[in-house]
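Here are the chains, one letter per residue:
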Amino acid sequence: MTAFIARRLAWGVLLLLLVATLTFFLSRVVPADPAAFLAGQNTSAATVARIRAEYGLDRPLPVQFATYLGGLVRLDFGESLRTHRPVADDLVQFLPASLELLIVSFMIYVIASFWLAVAAARRPGGAVDTAIRLLTMLATGIPVFWLGMALQFVFFYRLHWLPLAGRFPLRDTPPPVHTGFLLADSLIAGSLDDVWKSLRCLAMPALTIVLNLLAVGTRLSRAALIAEFDRPYVRTARGKGLGPRAILYRHVLRNALSPVLTVTTMQFGYMLSWVILVEVIFGWPGIGLYAYQSFEVFDYAPVIALAIVSTAGFVLINLIMDLIYPLIDPRVRGLAT
């Protein structure tokens, strides 16, 4: 197991290096000058040259890349041209908001997709199965930006149930920061009212992410459950007189967990990409909105940092799932060696 973890970590480091290399050089081939954009209009060439030298943009490209890699070893992602702060400090400030949105959305997604898959797999081809597949495919086929704006139109403009954007109501004072997660900070402060306000702000962004990914998880989980229902042990259980619910919850669900975990792990990776659009639509102050605002002014250091952090998160989640697999299915324990 130690050798397996070491191999996966080594591949993860190589993947991070590849992502850092690609994003760095792609950011440098874009026909734009961040120094000129930062200096503003009607600025002298001398001022632009001074800004370019201040941020090291006048150095040869290999030197810039070597300097950047040296900083990555120290977890130094450079300095943001827009905020004039180290990118690492900005990530510490904005990352908790994105993680809170991702964790809540992921929990809702796992529960909803698995529950719908169970309901559909009980009678394949029936009315419930057909309705679930149709509705989930319809939700997934809608572009995420249109879905988000549609939810805003319904729940904010029409029904006035949920706030339009933001992480906490602007007129209210958020709880003291302890963890950076508003739900946790509200609980620490003992304010259920703040918990409710945070949940209302979370509702539409999380629902947008979940609905856009629900069909894939539901369909693949449904397929895994139906495949297990055709196994010989299920026929044996039926012959012994076990009812459908007992067979489902005692035997089928556990054996179907391995492919379901694979699906949910991949979907978490997709959530990392969708969170940028969702944060922009709902004004969610996370790293996705931070990277988008930086990209607008050709501030590429935060964009590269987001790509690296997202890749690291995806590698870590996959490693955790690989370690969980043997606990769920003993048949795969020998594969790690």
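Each pocket or cavity is described by its volume, and for the largest pocket that value is around 690 Å³. Taken together, the elements giving at least two residues each to the lining of the largest pocket come down to α1 (2-29), α3 (45-54), α4 (61-73) and α13 (300-328). Tallying contributions element by element places α4 first for the lining of the largest pocket, with five residues. A per-class count over the lining of the largest pocket returns 15 nonpolar, six polar and nine charged. Elements represented by at least two residues in the lining of the second largest pocket include exactly α1, α4 and α13. Per-class residue counts for the lining of the second largest pocket are 12 nonpolar, no polar and no charged.

Turning our attention to the packing of aromatic side chains. Within the structure shown, the criterion is met by nine aromatic pairs. For the pair Phe153 and Tyr157, a centre-to-centre distance of 6.5 Å together with 40° between the ring planes defines the contact as tilted. Placement of both Phe153 and Tyr157 in helix α7 (residues 144-158) is noted, with a separation of four residues, approximately one turn of the helix. Under the relative-accessibility criterion, Phe153 is labelled partly exposed at 42%. For the ring pair Phe155 and Trp161, a centre distance of 6.1 Å and an interplane angle of 40° mean the geometry is tilted. A network of ring pairs unites the aromatic residues Phe24, Phe25, Phe65 and Tyr68 as a single cluster.

The subject of this paragraph is empty space enclosed by the protein. Enumeration according to the criterion identifies one cavity of 30 Å³ or more in this entry. Taken as a whole, the largest cavity encloses approximately 30 Å³ of empty space. Surrounding the largest cavity, Pro163, Leu164, Ala165, Gly166, Arg200, Cys201, Met204, Pro205 and Phe282 form its lining. Top element by residues in the lining of the largest cavity is helix α9 (residues 192-229). It accounts for four residues.

Cut-off values and rules
- Per chain, the residues get numbers from 1 upward, laid out in the order the sequence is written.
- With pLDDT at 70 or above as the cut-off, local features in this predicted model cover only qualifying residues; side-chain atom pairs require 80 or more to be listed or tallied, and sums for whole chains, interfaces and linings still use all residues.
- Each side-chain value is derived from all of the structure's non-hydrogen atoms; neither hydrogens nor water enter the calculation.
- Here the term cavity refers to a set of points on a 1 Å grid, laid over the protein atoms alone, in which a 1.4 Å probe fits but cannot get out; the term pocket refers to an open set having protein on both sides within 12 Å along at least five of seven lines, with lining residues being those that place an atom within 4 Å of a point.
- Grid points are joined across faces, edges and corners, and a volume is the space filled by probe spheres set on the points.
- Only DSSP runs of H or I with at least four residues qualify as helices, and only runs of E with at least two residues qualify as strands; both kinds are numbered from the N terminus onward.
- Residues are sorted three ways: Asp, Glu, Lys and Arg are charged, Ala, Val, Leu, Ile, Met, Phe, Trp, Tyr, Cys and Pro are nonpolar, and all the rest, Gly among them, are polar.
- Ring pairs shown here join Phe, Tyr and Trp side chains whose ring centres sit within 6.5 Å, with only the six-membered ring taken for Trp; geometry is labelled stacked below 30 degrees between planes, edge-to-face above 60, and tilted in between.
- Under the scheme applied here, a residue whose accessible area is under 20% of the maximum for its type counts as buried, over 50% as exposed, and between as partly exposed, the area being computed with a 1.4 Å probe on protein chains only.

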